[in-house]
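# Structural characterization, general
The lines below spell out each chain.
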Amino acid sequence: MMNFESGNEDCLGWAARDASGVLSPYKFSRKAVGNDDVYVKITHCGICYADVVSTRNSFGATNYPVVPGHEIAGIVTKVGSNVQRFNVGDHVGVGTYVNSCRDCRNCNAGLEIQCGKGRVFTYDSVDSDGTITKGGYSTFIVVHHRYCFMIPKSYPLASAAPLLCAGITVYSPMIRHNMNQPGKSLGVIGLGGLGHMAVKFGKAFGLDVTVFSTSISKKDEALNLLGADNFVVSSDQEQMSALAESLDFIIDTASGNHPFDPYMFLLKTCGVLVLVGAPSEIKLSPGSLIGGMRSISGSAAGGTKDTQEMIDLCAEKEIYPNIEVIPIEYANEAFERIINKDVKYRFVIDIENSLK
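### Focus on the packing of helix α4 (residues 166–176) against helix α10 (residues 304–317)
Interaxial distance between α4 and α10 falls to 10 Å at its minimum, and their mutual angle equals 105 degrees. The angle between the axes of α4 and α10 places the two elements in the roughly perpendicular class. Across from Gly167, Ile168, Tyr171 and Ser172 in α4, the residues of α10 making contact are Asp306, Thr307, Glu309, Met310 and Leu313. Residues belonging to the contact of α4 with α10 are distributed by class as follows: 4 nonpolar, 3 polar and 2 charged.

### A few points about the confidence of the model for the protein
For the protein, per-residue confidence averages 94 on the pLDDT scale, and residues scoring 70 or more make up 97% of the total. A low-confidence stretch, residues 1–8 stays under pLDDT 50, and its non-local contacts, those more than four residues away or across chains, total 14 contacts.

### Some points on the pattern of salt bridges
Applying the stated criterion to the full structure yields 12 salt bridges. A salt bridge links Asp342 to Arg337, with the nearest nitrogen and oxygen atoms 3.1 Å apart. Residue class for Asp342 comes out partly exposed when judged on its relative accessible area of 40%. The network of salt bridges with shared partners includes Glu324, Arg337 and Asp342.

### Remarks on the sheet that holds strand β11 (residues 208–213)
If you walk across this open sheet you meet the 6 strands as β12-β11-β10-β13-β14-β15, and the pairing is parallel. Looking at strand neighbours, the two that pair on one side only are β12 (230–233) and β15 (295–298), the edges of this open sheet. Averaged over all adjacent pairs, the angle separating strand axes in this sheet is 20 degrees, with direction ignored. On top of the sheet, α4 reaches β10 (185–189), β13 (247–252), β14 (267–275) and β15; it is set at about 155 degrees to β13, its chief contact. Those strands touched by helix α5 (residues 193–204) are β10, β11 and β13, and its axis lies near 170 degrees from that of β10.

### What to know about the environment of Gly46
Note on placement: Gly46 falls in strand β3 (residues 37–46). Considering only alpha carbons, one finds Gly46 and Ile132, 86 residues apart in sequence, at a separation of 21 Å. Residues contacting Gly46, with those up to four places away along its chain left out, are Asp51, Glu71, Tyr137, Ala161, Phe347 and Val348.

### Concerning α4
An α-helical turn contains 3.6 residues, so a residue and the one three or four places further along point in the same direction. Most of α4 is tucked away, with 9 of its 11 residues classed as buried. Within α4, the full set of buried residues consists of Ala166, Gly167, Ile168, Thr169, Val170, Tyr171, Ser172, Pro173 and Met174. Along its buried surface, α4 packs onto β10, α5, β13, β14, α10 and β17 (346–350). Immediately beyond the C-terminal end of α4, within one or two residues, lies Asn178, with a positive phi of roughly 60 degrees.

### Quick word on α10
When the terminal C-alpha atoms of α10 are compared, their 20 Å separation across 14 residues agrees well with the 20 Å that a helix rising 1.5 Å per residue should span. The complete set of buried residues in α10 reads Thr304, Asp306, Thr307, Gln308, Met310, Ile311, Leu313, Cys314 and Ala315. The elements touched by buried residues of α10 are β6 (97–99), β9 (148–150), α4 and α5.

### Looking at the side chain of Asp248
Along the polypeptide, Asp248 turns up in strand β13. Residue classification places Asp248 among the buried residues on the basis of a relative accessible area of 11%. A polar side-chain atom of Asp248 sits 2.8 Å from the main-chain amide nitrogen of Ser185. Polar side-chain contacts of Asp248 include one of 3.4 Å to the side chain of Lys268. Those residues within four positions of Asp248 in sequence are excluded, and the remaining contacts are Lys184, Ser185, Leu267, Lys268, Gly271 and Val272.

### As for the pairing of strand β4 (residues 72–79)
Sheet topology note: the β3/β4 ladder contains 7 bridges and is antiparallel. Paired with His44 across the strands is Ala73, a residue of β4. Where β4 lies against strand β5 (residues 91–94), 4 bridges are found, and the strand directions are antiparallel. Within β5, the residue paired with Ile75 across the bridge is His91.

### Structural notes on the side chain of Thr96
Structurally, Thr96 is set in the loop between β5 and β6. According to the relative accessible area criterion, Thr96 is buried, its value standing at 9%. When residues no more than four places from it in sequence are discounted, the contact partners of Thr96 are His70, Ile113, Val120, Phe121, Thr122, Leu164, Cys165 and Ala301.

### A short note on the environment of Ala198
Along the chain, Ala198 falls in helix α5. Classification of Ala198 as buried rests on a relative accessible area of 0%. Spatially, the C-alpha atoms of Ala198 and Val209 are 9.2 Å apart, while their sequence positions differ by 11 residues. Apart from residues no more than four positions distant in its own chain, Ala198 is found in contact with Val170, Met174, Leu186, Val188 and Ile251.

### Let's talk about the nonpolar core
Residues Ile47, Tyr137, Leu186, Phe201 and Ile251 are the most contacted members of the largest nonpolar core, which totals 93 residues. Core analysis: the next-biggest nonpolar cluster, separate from the first, contains 15 residues, Met240, Ile250, Leu266 and Leu267 among them.

### Looking at unusual backbone geometry
In most cases, non-glycine residues show a negative phi, while peptide bonds are predominantly trans. Omega for the peptide link from Tyr64 to Pro65 comes to -5 degrees, which places this bond in the cis form. One can find Pro65 in the loop between α1 (49–55) and β4. Omega for the bond connecting Lys344 with Tyr345 falls within 30 degrees of zero, at -5 degrees, which places this linkage in the cis form. For Tyr345, the location among the structural elements is in the loop between α11 (331–339) and β17. Positive phi outside glycine occurs at Asn178, with the angle close to 60 degrees. Secondary-structure assignment places Asn178 in the loop between α4 and β10. A positive phi angle is found at Glu245, which is not glycine, with a value near 55 degrees. Locating Glu245 in the fold gives a position in the loop between α7 (237–242) and β13.

Thresholds applied
Residues numbered from 1 in each chain as written. Predicted model: local features only at pLDDT ≥ 70, side-chain atom pairs only at ≥ 80, totals over all residues. Heavy atoms only, no water. Axes fitted to C-alpha atoms, helices over the stretch in contact; angles between N-to-C directions. Helix = DSSP H or I, 4+ residues; strand = E, 2+ residues; numbered from the N terminus. Parallel < 35°, antiparallel > 145°, perpendicular 65-115°, else oblique. Contact = heavy atoms within 4.5 Å. Nonpolar A, V, L, I, M, F, W, Y, C, P; charged D, E, K, R; others polar. pLDDT = per-residue confidence, 0-100. Salt bridge = Lys/Arg side-chain N within 4 Å of Asp/Glu carboxyl O. Buried < 20%, exposed > 50% of the residue type's maximum accessible area, 1.4 Å probe, protein only. Pairing = 2+ DSSP bridges. Expected span 1.5 Å × (residues − 1). Polar contact = N/O pair within 3.5 Å; in protein donor to acceptor, adjacent residues only side chain to side chain. Core = buried A, V, L, I, M, F, W, Y, C linked by side-chain atoms within 4.5 Å.

So this is what it looks like as structure tokens:
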């Protein structure tokens, strides 16, 4: 029998209460549906590494109790009077942010994730009304319609959830840097939740994809499961040297500290490396950039325009994340497995059937 905190709360979730990061049942209040809002009954929520980091207060700024989850998929149950884009029964997604100023240059360009006045993250963030946002490890969420995305009903909601963070985080910079040109070559560093989506998008765009990993054990899955064209063990100097100046683009999804110069020298003249992982530091020789007119860029999630385009592309081309669906009761164990890199490639919580 689950024990919930007392009170007049109306939403059921799982929350961490302290830096142990241990999740347990929790009841809380959601805001009422406003004129511009959508009420989403959550069916699935992906587990992102950010959830692990936040619940354990790794950056020293977590507001407890914290309800994590920003890869949300579900069904519209109510809509506000001003909402035209969505109807009751629609399948929708909610990603890493749920509010922004909607008036700055970036918001007007569909880059709400870069809102000049500060976007509001889906959980553990201060919203415009002063409340702390709570994420998708919960039964429902109320969101301004601008931050909801239509999911075609032909596309499984469980598969859609990881697109809202892992998918858009690699898709957005790929589009921005023109990594969708058939025949070009792409390197993908790391083969986790983000990396495996980069491989899938690369193949959908007609690119020649090479996966770089520190572990030879990833070779079979990279080539045979995900369809990459080449696999390289990054510590093998001979393999790395053989690829000198051969790649047009590199997507770096690795979060652990790693050298950058060896990868920069794999880029052709004017090649670009995009960093979407979060190592604690970046060290590289200026010559890595200057000599071949190469560049390095960063990216975090994506705006509303890119997100909807990505979802539509995945439905059209039948691009699906590789997922392991779990009940909410397994979330704490899933966190430990993520820390131990024991997931292929994204956990998705079956909220609808396990959070009751």
